[in-house]
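What follows is each chain in one-letter form.
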Amino acid sequence: MRSYTLIAPGKINLYLEIIGDRPDGYHELVMILQSIDLADRLEIRSLGTQEIRLHCNHPLVPLNETNLAYRAAQLMMEEFPQAYANYGGVDITLDKKIPIAAGLAGGSTDGAAVLVGLNLLWELGLTIPKLQNLGEKLGSDIPFCISGGTAIATGKGETLDAIQDLDNLWIVLAKYQNVSVSTPWAYQTYKQEFEDTYTKDLKNIQSRSSQIHSGPLVKAISHQNLEQIGKLLHNDLEKVVLSQYPQVAQLREILQQAGGVGTMMSGSGPTIFTLCNSKQEAEKIKQKARQAIEDPNLEFWITTLSTTGIQVVSV
Ligand code: C5P
């Protein structure tokens, strides 16, 4: 029976600005998203029985409908009942490499991989935009995870415009194993504290969304101006997460002082990243931070930026 192996990269936010409320309860965002080489690996195969089976090497990853990979399979079964009837259920083996609840879209990218994998397994012939429309129903980051690279994301995060790839950069990621942040909590807390700064008028929201396209960070990326990129990294959610988690704020401070192009929290955190010019620089920064914070729960990853989203590596 046929199977597919897929590589599902994580992402960081180079820019995350919250500009307003949406009628659906979500927030209007302006983001610049970037894929990274730290990736999960999924193997997807058809089952003779009508069920979804999910296996994972990580003990804390749920294997039911709270997992986006599982939900992506459910969604495909609902949307394509004929294919489901023909091909049967699906067995998904997830090799988890991206830390969980870390602000790196680890769950979203697994969901994205299942959509791409079932499209192939069931020979549906869906286009990338069609898969992204399906992905949007499951989570705001899934459309980006499918196509990856470097992109402006507006709306809930689902409206994407690819921009010049930012490659040849290394990255240090640091996260306390025992600290995780709930994304709904981060957005709700931000709303409680900063709702008075929200743009209320739809026209203003649209104009702020379009400004990013000609904004300084996009210009710096298109000129590959690393100094400017480092200075212009931004994440509104730092305001609520760093004050609630002083340990993470201290980690951010130490990484920033250790060097590199620039340091920022990714998504709703608590992962902190530093962009670096080389692997050697990344190693040095990791060592400095490791010496400054002697905590066995603090984990580091050194990886590169990636120009791709979900990749099919074997059939
Ligand atoms: O879309 P996703 O399920 O990944 O979002 C997780 C949570 O993040 C949402 O339940 C919501 O609380 C918050 N969120 C938001 N506005 C967005 C994206 C996410 O408020 N644009």
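For the structure itself, look to the data block above.
Residues numbered from 1 in each chain as written. Predicted model: local features only at pLDDT ≥ 70, side-chain atom pairs only at ≥ 80, totals over all residues. Heavy atoms only, no water.

(A) Region of interest: the overall build of the chain. In terms of regular secondary structure, the chain is built from twelve helices and twelve strands. For the chain, the C-alpha radius of gyration of 19 Å lies close to 20 Å, the compact-globule estimate for 315 residues. Principal axes of the C-alpha set define a box for the chain whose edges measure 55 × 50 × 35 Å. Every one of the 315 residues in the chain was classed for burial, and the buried ones make up 55%. If you take every contact in the chain between residues at least 6 apart in sequence, the share linking residues at least 24 apart comes to 77%. Here the chain displays about 13600 Å² of accessible surface, and carbon together with sulfur accounts for 48% of that area. Side-chain charges in the chain split into 26 positive and 34 negative, and the spacing between the mean points of these groups amounts to 2 Å. (Helix = DSSP H or I, 4+ residues; strand = E, 2+ residues; numbered from the N terminus. Rg over C-alpha atoms; globule rule 2.2 N^0.38 Å. Buried < 20%, exposed > 50% of the residue type's maximum accessible area, 1.4 Å probe, protein only. Contact = heavy atoms within 4.5 Å. Areas by Shrake-Rupley, 256 points an atom, 1.4 Å probe, with all protein chains shown as cover. Lys, Arg positive; Asp, Glu negative; His and termini not counted. Charge placed at Lys NZ, Arg CZ, Asp CG, Glu CD.)

(B) Broad picture of the site of the ligand. Every residue near the ligand is listed here: Tyr26, His27, Leu29, Gly139, Ser140, Lys156, Thr183, Pro184 and Tyr187. A distance of 2.5 Å separates an oxygen atom of the ligand from a polar atom in the side chain of Ser140. With the chains in place, 77% of the 450 Å² that the ligand exposes on its own is no longer accessible. One can see that the ligand is located within the largest pocket. Elements supplying a minimum of two residues to the shell around the ligand: β2 (27-46) and α6 (183-194). For the shell around the ligand, the element with the highest residue contribution is α6, accounting for three residues. Residues that form the shell around the ligand fall into these classes: four nonpolar, four polar and one charged. (Near = heavy atom within 4 Å. Polar contact = N/O pair within 3.5 Å; in protein donor to acceptor, adjacent residues only side chain to side chain. 1 Å grid on protein atoms, 1.4 Å probe; cavity = no way out; pocket = protein on both sides within 12 Å on 5 of 7 lines; lining within 4 Å. Sits in = over half its atoms within 2 Å of the grid points. Nonpolar A, V, L, I, M, F, W, Y, C, P; charged D, E, K, R; others polar.)

(C) Spatial organisation of unusual backbone geometry. Omega for the peptide link from Gly269 to Pro270 comes to 5°, which places this bond in the cis form. Unlike most non-glycine residues, Ala101 shows phi in positive territory, near 50°. Residue Ala101 is classed as partly exposed on the basis of its relative accessible area of 44%. Backbone geometry places Ala105, a non-glycine residue, at a positive phi of 60°. Mapping Ala105 onto the fold places it in the loop between β4 (90-95) and α3 (106-121). A relative accessible area of 9% places Ala105 in the buried class.

(D) Representation of α3. The end-to-end C-alpha separation of α3 is 22 Å, in line with the 22 Å expected for 16 residues at 1.5 Å each. Most of α3 sits out of view: 14 of its 16 residues are buried. (Expected span 1.5 Å × (residues − 1).)

(E) Spatial organisation of the pairing of strand β9 (residues 262-265). Side chains Gly262 and Met264 project from β9 onto one buried face, and the interleaved Thr263 and Met265 project onto a second face that is buried too. Bridge count for β9 against strand β10 (residues 272-276) is four bridges, and the pairing is antiparallel. Bridge pairing in β10 places Gly262 opposite Leu275. The antiparallel pairing of β9 with β10 creates a hairpin that spans six residues between the two strands, and Gly267 there sits at a positive phi of about 50°. (Pairing = 2+ DSSP bridges.)

By themselves, these figures tell us nothing about what the structure is for.
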